[in-house]
Number of protein chains: 2
Amino acid sequence: MAMKDKKPKRDLSVQIAEAIKDAIISGQLIVDERLPSEAELSLKFGVSRPTVREALKRLAAQNLIRTQRGATGGAFVNRIRFEEAYGQQITTSTLLLSMNEVDFETACEARFMLERACVTLSAQRRTDDQLATMRAEIHRQAQPGLSDEAFCASDVAFHRALVDGADNPVLSYQLAGAVEAIEPLMNMVTFTARNRARIVELHTQIANAIENHDSSAADQALADLAAYSVELAHDVREARQSRKKTTAPAAS
Amino acid sequence: MAMKDKKPKRDLSVQIAEAIKDAIISGQLIVDERLPSEAELSLKFGVSRPTVREALKRLAAQNLIRTQRGATGGAFVNRIRFEEAYGQQITTSTLLLSMNEVDFETACEARFMLERACVTLSAQRRTDDQLATMRAEIHRQAQPGLSDEAFCASDVAFHRALVDGADNPVLSYQLAGAVEAIEPLMNMVTFTARNRARIVELHTQIANAIENHDSSAADQALADLAAYSVELAHDVREARQSRKKTTAPAAS
DNA sequence: CATTTTTCATTTGTCAGACATTTAAAAGTC
DNA sequence: GACTTTTAAATGTCTGACAAATGAAAAATG
């Protein structure tokens, strides 16, 4: 006898949320279309209004619908925009990393490999405005009194401009998660003046290559930056481990 | 006077959900930690239990928590796993594409640029098992009686194996969205025998390059496949437009 | 008639209390 | 000790109600 191994008994609000979600994905419900009112949905699914509401809240949390109060209010199918999708992407990526499923090297490798996929296009398509942003961030990074957090934030802004230079929102969307999610890990690094000088140097190489529409030079500079980031993280980890040995010895 | 433009009045369940979410992201609540019961949360936030429940359902929809009934039950912080994150990623990517925010060329470009970021690593690290999977899918794709859907599914499986060859879960996670989300668009293409032969040929080139650990050859073959995909989609669009002209003439 | 104001019905947001169901631990039984 | 029963705690669901928002219709006003 075939067992239905996935559905011992699923919560009603989950079932309802999935039914509506499928209707949206399959196109039965189109963008900006109004769903039936909660009372109508209660009748339709044969459940109480709180249950329907929990289902709708699940969908709202995924940005699939928005709700509006008032006479002509209700729940409407949401057009998912990149801005909102960014947020979800960043949250998920951040948690995936912070929950120890991924070590720094792996995340860093993924981030730079993805970014290298962009620079080829960025070298071809970058606008003067995006280039100016990159230059401005480099200039900021070279200033002496900058805090580590501000340095990292500028680093993110630099790479954001670099990625946006590819002029492909799908790439920007994907990279947003990869670049920003790694920022907290980067923030644990204490950058020495020498580290910063090297990073600024590499950033300048990238900007120069982008300015000259030189894809391969940009790719090479980014590869160097990737290697240097891993190296830095490696040093940090070693320093931490030696500190650990000092505080908790006899771990052979 | 400075207006608080973002917070005219946010719903209580949203506020509570965000408070808990921040606690999770900031590490105040760690993985598998139990949240207070719904009754306790009601007291703590000064709201009713249904409101707390709606907040918890929002978090559950984002896979941030799971709930369990019974004496030792409650809401627990979820360890986000790649498998679950895949699902969200694919859903979001699919909707972003299907809601017309993105045209096929853009999505296709992003997908193949990202995939090219993987093949370098795949060429270095692929296991014999992954290579065998790729060969098997190629063999399936070459069979004559295959439906378009099955051909596309095999295409996805092939690229999935290719991506997994990079042995980097973060890359696999990112690519899963890009590759699978585009499948519905690919399914609209009716593949002729000649199309398939060309795709199989390119897949074989990729597999050969991966087998020989030849990164640049793999990259080149994938670039060719990208160009061919865009070409195919272009033909499909033209055919559709000419069909449109036939049914609605006088469009110059 | 045109315009402004008021009223009003609709819909979501929130609350209170209750019962059903599930689950594991505690108590009881052999 | 091993097994069964009871019990308490927690989520899941229901009912009914009121509050708040909001647009539209109705009424008042010029």
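For every chain, the first residue of the written sequence is number 1, and numbering continues from 1 onward in sequence order. To label them, take the chains in the order written and letter them from A, then take the ligands in the order written and number them from 1. Totals for whole chains, interfaces and linings use all residues, but because this is a predicted model, local features are given only for residues with pLDDT of at least 70 and pairs of side-chain atoms are given and counted only at 80 or more. Side-chain calculation: all heavy atoms of the structure are included, whereas hydrogens and water are not.

Draft legend 1. Highlighting the interface of chain B and chain A. The contact criterion used is simple: two residues touch if any of their non-hydrogen atoms lie within 4.5 Å. On the side of chain A, 48 residues touch chain B, which itself brings 48 residues to the contact. The quantity reported as buried area is the accessible area (1.4 Å probe) lost by two parts once they are put together, taken as the sum for both. When chain B packs against chain A, close to 4400 Å² is buried across both sides, 64% of that on carbon and sulfur atoms. Salt bridges are identified by distance alone: a Lys or Arg side-chain nitrogen within 4 Å of an Asp or Glu carboxyl oxygen. Linking chain B with chain A are four salt bridges, by the criterion used here. Residue R125(B) pairs with E109(A) through a salt bridge whose shortest N-O separation is 2.5 Å. The term polar contact refers here to a pair of N or O atoms within 3.5 Å; inside protein, the definition further demands a hydrogen-donor-capable atom paired with an acceptor-capable atom, and it admits residues adjacent in sequence only when both atoms are side-chain atoms. Across the chain B-chain A interface, the total number found is 12 residue pairs in polar contact (both at pLDDT 80 or more). A run of DSSP states H or I qualifies as a helix once it reaches four residues; a run of E qualifies as a strand once it reaches two. Both are numbered from the N-terminal end. For the side of chain B that touches chain A, the elements supplying multiple residues, two or more each, are α1 (12-25), α3 (49-61), α4 (82-101), α5 (104-125) and α8 (169-181) of chain B. The greatest single-element share of the side of chain B that touches chain A, amounting to 12 residues, is contributed by α4(B). Any residue that is not Ala, Val, Leu, Ile, Met, Phe, Trp, Tyr, Cys, Pro, Asp, Glu, Lys or Arg is counted as polar, Gly included; the first ten are nonpolar and the last four charged. Residues of the side of chain B that touches chain A, tallied by class, amount to 26 nonpolar, 12 polar and 10 charged.

Draft legend 2. Up close: the pattern of salt bridges. With the rule as written, the count across this model stands at 28 salt bridges over all chains. Among the ionic pairs, R140(A) bridges to E137(A), the shortest N-O distance being 3.4 Å. With a gap of three residues between them, R140(A) and E137(A) both fall in helix α6 (residues 128-141), about one helical turn apart. On the basis of relative accessibility, which here comes to 40%, the residue R140(A) falls in the partly exposed class. One salt bridge in this structure joins E18(B) and R10(B), with 2.4 Å as the shortest N-O distance. The rule is simple: take the accessible area with a 1.4 Å probe, protein chains only, and divide by the maximum for that residue type; under 20% is buried, over 50% is exposed, in between is partly exposed. With relative accessibility at 33%, the residue E18(B) sits in the partly exposed group. Put simply, E38(A), R49(A), R53(A) and E54(B) are held in one network by salt bridges that share partners.

Draft legend 3. Spatial organisation of the pairing of strand β2 (residues 74-77) of chain B. Residue and element names in this part refer to chain B. By the bridge criterion, four bridges tie strand β1 (residues 65-68) to β2 in an arrangement that is antiparallel. Directly across from R66, in β2, lies its bridge partner F76. Turn length for the β1-β2 hairpin, with the two strands adjacent in sequence and antiparallel, is five residues, and the turn residue G70 shows positive phi of about 100°. Strand pairing requires that DSSP identify at least two bridges connecting the strands.

Draft legend 4. Expanded view of the layout of surface pockets. Within this model, the largest pocket holds a volume of roughly 1500 Å³. Detection works on a 1 Å grid of protein atoms alone, calling trapped sets that fit a 1.4 Å probe cavities and calling open sets with protein on both sides within 12 Å along at least five of seven lines pockets, with lining residues defined by an atom within 4 Å of a point. Around the largest pocket, the lining comprises 45 residues; the ones closest to its centre are D11(A), V14(A), R58(A), A60(B) and T67(B). Broken down by element, the residue count for the lining of the largest pocket peaks at eight residues, all from α3(B). Its residues assigned to classes, the lining of the largest pocket comprises 15 nonpolar, 13 polar and 17 charged. A volume near 940 Å³ is recorded for the second largest pocket. Surrounding the second largest pocket, 25 residues form its lining, A60(A), N63(A), V14(B), E18(B) and R58(B) being those nearest its centre. Those elements giving two or more residues to the lining of the second largest pocket turn out to be α3 (49-61), β1 (65-68) and α4 (82-101) of chain A together with α1 and α3 of chain B. In terms of residue count, α4(A) provides more of the lining of the second largest pocket than any other element does, five residues in total. Looking at side-chain class alone, the lining of the second largest pocket contains six nonpolar, seven polar and 12 charged residues. Grid points are joined across faces, edges and corners, and a volume is the space filled by probe spheres set on the points.

Draft legend 5. Representation of the relation of the copies chain B and chain A within the structure. The copies were overlaid by least squares, fitting only the C-alpha atoms of residues that reach a pLDDT of 70 or more in each copy. In the superposition of chain B on chain A (RMSD 0.1 Å, axial shift 0.1 Å), the rotation amounts to 180°. A rotation of that kind, with that shift, is consistent with a two-fold axis. Looking at chain B, 100% of its interface residues are interface residues in chain A too, so the copies touch through the same face.

Draft legend 6. Broad picture of the protein's contact with DNA strand D. The cutoff for a nearby residue is simple: one of its non-hydrogen atoms must lie within 4 Å of the molecule or strand. DNA strand D sits among 26 residues. The nearest are L12(A), T51(A), A71(A), R53(B) and R69(B). What you see for DNA strand D is that sugar and phosphate hold 68% of its atoms within 4 Å of the protein. T51(A) places a side-chain nitrogen or oxygen 2.7 Å from a phosphate oxygen of DNA strand D. Those elements that provide at least two residues to the surface near DNA strand D are α3 of chain A together with α3 and β1 of chain B. Here the residues of the surface near DNA strand D are counted per class, giving five nonpolar, 11 polar and 10 charged.

Draft legend 7. Layout of the packing of aromatic side chains. Between 30 and 60 degrees the pair is tilted, below 30 it is stacked and above 60 it is edge-to-face, where a pair is any two Phe, Tyr or Trp rings, Trp via its six-membered ring, whose centres lie within 6.5 Å. Enumeration over the complete set of coordinates arrives at four aromatic pairs over all chains. Residues F82(A) and Y173(A) carry aromatic rings whose centres are separated by 6.0 Å and whose planes lie at 65° to one another, so their mutual orientation is edge-to-face. One end of the pair, F82(A), is in helix α4; the other, Y173(A), is in helix α8 (residues 169-181), and 91 residues separate them in sequence. The pair formed by F82(A) and Y173(A) is uniform in burial state, with each residue classed as buried. By way of ring pairs, the aromatic residues F82(A), Y86(A) and Y173(A) are connected into one cluster. The ring of F112(B) has R111(B) lying over it, and the distance from NZ or CZ to the ring centre is 4.4 Å. A ring is considered to have a charge above it if a Lys NZ or an Arg CZ atom is located within 6 Å of its centre and within 35 degrees of its normal. Lying over the aromatic face of Y228(B), R198(B) brings its terminal NZ or CZ to 5.9 Å of the ring centre.

Draft legend 8. A look at the protein's contact with DNA strand C. Lining the immediate surroundings of DNA strand C are 24 residues, of which R49(A), L12(B), S48(B), T51(B) and A71(B) lie closest. Each atom of DNA strand C within 4 Å of the protein was assigned to sugar, phosphate or base; sugar and phosphate come to 70%. The backbone of E38(A) places a nitrogen or oxygen atom 3.1 Å from a phosphate oxygen of DNA strand C. L12(B) is positioned with one of its backbone polar atoms (N or O) 2.6 Å from a phosphate oxygen of DNA strand C. Every element with two or more residues in the surface near DNA strand C is listed here: α3 and β1 of chain A together with α3 of chain B. Among the elements that make up the surface near DNA strand C, the one with the highest residue count is α3(A) (three residues). Each residue belonging to the surface near DNA strand C can be placed in one class, and the counts come to four nonpolar, 10 polar and 10 charged.

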